[in-house]
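Summary of structural features
One-letter residues, chain by chain:
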Amino acid sequence: MSQSSFQVITCKAAVCWGPEEPLKLEDIQVEPPKSSEIRVKMLYASACSTDMLFVKGFPLPIFPRVLGHEGVGVVEGVGDEVKELKEGDMVIPTFIGECQECDNCLSGKTNLCLKYPLILNGLMLDGTSRLSVRGQKLYHSFTCGTWAEYIVIDANYVVKIDPSFHLPFASFISCGYSSGFGSAWKEAKVEKGSSVAVIGLGAVGLGVIEGARIQGATKIIGIDINDRKREKGQAFGMTDFIHSGHEADKPISELVKDLSGGFGVDYCFECTGVPGLVNEALLSAKLGAGKAILVGATEEATVPIIFLPLLCGGTLKGTIFGGLKIKSDLPFILDKCNNKELHLHELLTHQVSMAEMDKILQLAKQQDCVKILIKF
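Here, residues in each chain are numbered from 1, in the same order as that chain's written sequence. Reporting in this predicted model follows two pLDDT cut-offs: at least 70 for local features of residues, and 80 or more for side-chain atom pairs to be given and counted; totals over whole chains, interfaces and linings ignore these cut-offs and use all residues. Excluded from the side-chain calculation are hydrogens and water; included are all heavy atoms of the structure.

For the record, the criterion: UniProt positions are given in the numbering used here, feature names are shortened, and annotations may be inferred rather than shown by experiment.
Naming follows an unreviewed UniProt entry, where the chain appears as Enoyl reductase (ER) domain-containing protein of Erythroxylum novogranatense. The record held by UniProt for the chain lists under Cofactor (unreviewed entry) the comment "Zn(2+)".

Following this line, the structure appears as structure tokens:
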């Protein structure tokens, strides 16, 4: 590492001090990376719906916390055990790892690595934090905390990208859009000619639509309470639209069946995290053969489930990061982006500077908001 990489850095970060509290732009201290870690100078970050849940104390009420888990940046320093990355490399952070050796990685059944697990306690793998403010420990968001000028992250949770890649779009790939795309591609394995319904047309839902289109689905029904999402959905490959806010007198599942021969669809993806829509996803899928995939997260610990569709052989399945593995699968999405086969540019609706990060939570509540980009 260069001499500066051994120093504690003071930089700006968006900090949430407690449940539902507004963000505060703080001067924080970022420690040097330990042996398996890297320190990254952030260039862009973006907001994901999960960040809004972090503000509410999901999945654990740990504060103060640096928000953000989507982004792209340049490696500023590397630990002495890091071999595959060097200073100056461009990387995107992720919240899962892939060792390619553990039972889970070799099973073909899950993308959750045992060696580099999903981290929910806001700390590094060794149980400590690399962030502090005025001497007080700060918690990371998952593996990082990208709404800061610098982050420290274990090198096994990042993906190196070509520096020619359009960097704002690289940030979008870190979580939301990829979670949706992977849900159709890797988790559900949508077949050519199949029918799909997508509840919620934010970045995740639009990613599902794009993944279903790439897989060859012939009917892709988008459902959203906001009629202005119709145009967004069509840009990604949606064939039909249900304005659920306009037709509130009829359940979503009935509206889906009206557009799918009365039987429902092969795959229904719930992307909002609204508990009551889980059952609508189940009832929207073909009885006995259809699959309902839960992609959206919720702060609710339990959700009531209707029993009959499951008893009749239906499938209700959850997914994390759309079933994607960061080494095996993300390069596929990056290649498709480079070949201009995907529509990431359609996701961007708002952009803020670092000094305006305290506005993010309010912007995210706007109905037309899909993706907020932060430029450092």
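1. Section: the UniProt feature "domain: Alcohol dehydrogenase-like N-terminal" (unreviewed entry) in the chain
Note the following rule: Helix numbers and strand numbers start at the N terminus; a helix is a DSSP run of H or I with at least 4 residues, a strand a run of E with at least 2.
The positions that UniProt labels "domain: Alcohol dehydrogenase-like N-terminal" (unreviewed entry) are, in the present scheme, residues 36-162. What you have in residues 36-162 is 9% helix and 31% strand, and the ends, taken at the C-alpha atoms, are 22 Å apart.

2. Quick word on the sheet that holds strand S14 (residues 267-270)
Here is the rule: Strand pairing is assigned whenever DSSP identifies at least 2 bridges connecting the two strands. Axes, fitted as lines to C-alpha atoms, cover a helix only where it is in contact. Angles between the N-to-C directions of the axes lie from 0 to 180 degrees. Contacts are residue-level and defined by heavy atoms, with any inter-residue pair within 4.5 Å sufficient.
Pairing is parallel in the open sheet, where six strands are placed in the order S13-S12-S11-S14-S15-S16. Each having just a single partner strand, strand S13 (240-243) and strand S16 (315-318) make up the two edges of the open sheet. The sheet shows a mean angle of 15° between the axes of neighbouring strands, direction not considered. Both strand S12 (residues 219-224) and S13 contribute to a ladder of four bridges, which runs parallel. Residue Ile221 lies in a different strand from S13, and its bridge partner there is Asp240. Relative to strand S11 (residues 195-199), helix H5 (residues 203-215) is tilted by about 170°, and along the sheet it contacts S11, S12 and S14.

3. Side note on the packing of aromatic side chains
Here is the rule we go by: Any two of the Phe, Tyr and Trp rings considered here, Trp counted by its six-membered ring, make a pair once their centres fall within 6.5 Å; the pair's planes then place it as stacked at under 30 degrees, edge-to-face at over 60, or tilted in between. The rule is simple: take the accessible area with a 1.4 Å probe, protein chains only, and divide by the maximum for that residue type; under 20% is buried, over 50% is exposed, in between is partly exposed.
Inspection of every chain in the model, using the stated rule, returns eight aromatic pairs. Measuring from ring centre to ring centre gives 4.8 Å for Phe95 and Phe142, while their planes differ by 20°; the resulting arrangement is stacked. One end of the pair, Phe95, is in the loop between strand S6 (90-93) and helix H2 (103-107); the other, Phe142, is in the loop between strand S8 (136-138) and strand S9 (150-154), and 47 residues separate them in sequence. When its relative accessible area of 3% is taken as the criterion, Phe95 is described as buried.

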